[in-house]
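# Examining the three-dimensional arrangement
Okay, here's what each chain looks like letter by letter:
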Amino acid sequence: MLMLDWMFFLIAGPAVIFAGISKGGFGSGAAFASASVLALVVEPGLALGVMLPLLMLIDVATLGPYWRKWDGEGALLLILGGLPGVALGAALYTVAEPDVFRVLIGVISVAFVVWQLFFARRSAVRTKRQLPRWAGVLAGLFAGFTSFVSHAGGPPAAVYLLSKPLTKTQYQATTVLVFWVVNIAKFIPYAFLGMFTLQTGLANLALAPFALLGAWLGVRAHRLVPERLFFALTYVLLSLTGLKLIWDGLT
């Protein structure tokens, strides 16, 4: 039972704003934490059902400011892997153990940051060790799957995109495009799995202003934050979300 009381909004409101800021300005990496926070007050399956339409609203609100500023090849590779990943998530959602994938993605995310920092120390110039194209498709597959089971597709996508020589706006715009497509693909399987109810719909209407506020704040923050600081924050968010995924998977 989803109770739309003051406790729900006290927790859900800031969580949705945080998701909007993350998706609107900092590459979606930490947005999945909002569903985890929401799961403190509702059943996890309902938390996913509440968050998906709000994430889709944030996608629409942020698509305009980043239109055609994305890396076309990177977006295509991630989407090509992401759509089968969503299908795999839908097929295995009721039988797979998502904690295994949380730990796996968390370890990959943290290891990637350590790897990048190691190579950065070996050169005064920030060196990019670009991953091959097949790694982009594989990252998309993981992103689609983990996005379906826990809205945690950001870290796998970040692992691939951060290996490419992108500007902060190219990076951000690419994540917006990729997860706009992935979230649309998730909607019908979520509906068949019964994750949407009248109550989740009412919660979506009530929380929509929080989502739009977060998206606006995220776009504003993206424009104000210098590129060097943006990527530093992105690495920090990727590390923290990776550690959080490991913790969630092991506890």
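You'll find the structure just up there.
Below, the structure is looked at part by part. (Residues numbered from 1 in each chain as written. Predicted model: local features only at pLDDT ≥ 70, side-chain atom pairs only at ≥ 80, totals over all residues. Heavy atoms only, no water.)

### A short note on the overall build of the protein
Along the backbone of the protein there are 10 helices and zero strands. The burial tally for the protein puts 51% of its 251 residues in the buried class. Long-range contacts, defined here as pairs at least 24 residues apart, represent 87% of the contacts in the protein between residues at least 6 apart. Of the roughly 11400 Å² of accessible surface on the protein, a fraction of 73% belongs to carbon and sulfur atoms. (Helix = DSSP H or I, 4+ residues; strand = E, 2+ residues; numbered from the N terminus. Buried < 20%, exposed > 50% of the residue type's maximum accessible area, 1.4 Å probe, protein only. Contact = heavy atoms within 4.5 Å. Areas by Shrake-Rupley, 256 points an atom, 1.4 Å probe, with all protein chains shown as cover.)

### Comments concerning the side chain of Lys168
Along the chain, Lys168 turns up in helix 8 (residues 168-192). Relative accessible area serves as the criterion here: at 10%, Lys168 is assigned to the buried category. Separated by 2.6 Å, the side chain of Lys168 and the backbone oxygen of His222 make a polar contact. Contact partners of Lys168, with chain neighbours within four places excluded, come to His222, Arg223, Val225, Pro226, Glu227, Phe230 and Phe231. (Polar contact = N/O pair within 3.5 Å; in protein donor to acceptor, adjacent residues only side chain to side chain.)

### A few points about the packing of helix 1 (residues 6-25) against helix 9 (residues 198-224)
The geometry of helix 1 relative to helix 9 is characterised by a closest axis approach of 6 Å and an angle of 35 degrees between their N-to-C directions. Seen along the crossing, helix 1 lies across helix 9 with a hand that is right-handed. Along the contact surface, helix 1 presents Phe8, Phe9, Ala12, Gly13, Val16, Ile17, Gly20, Ile21, Gly24 and Gly25, while helix 9 presents Ala203, Ala206, Leu207, Phe210, Ala211, Leu213, Gly214, Ala215, Leu217, Gly218, Val219 and His222. For the contact of helix 1 with helix 9, the class distribution of residues is 15 nonpolar, seven polar and no charged. (Axes fitted to C-alpha atoms, helices over the stretch in contact; angles between N-to-C directions. Left-handed = near helix turned anticlockwise from the far one by under 90°. Nonpolar A, V, L, I, M, F, W, Y, C, P; charged D, E, K, R; others polar.)

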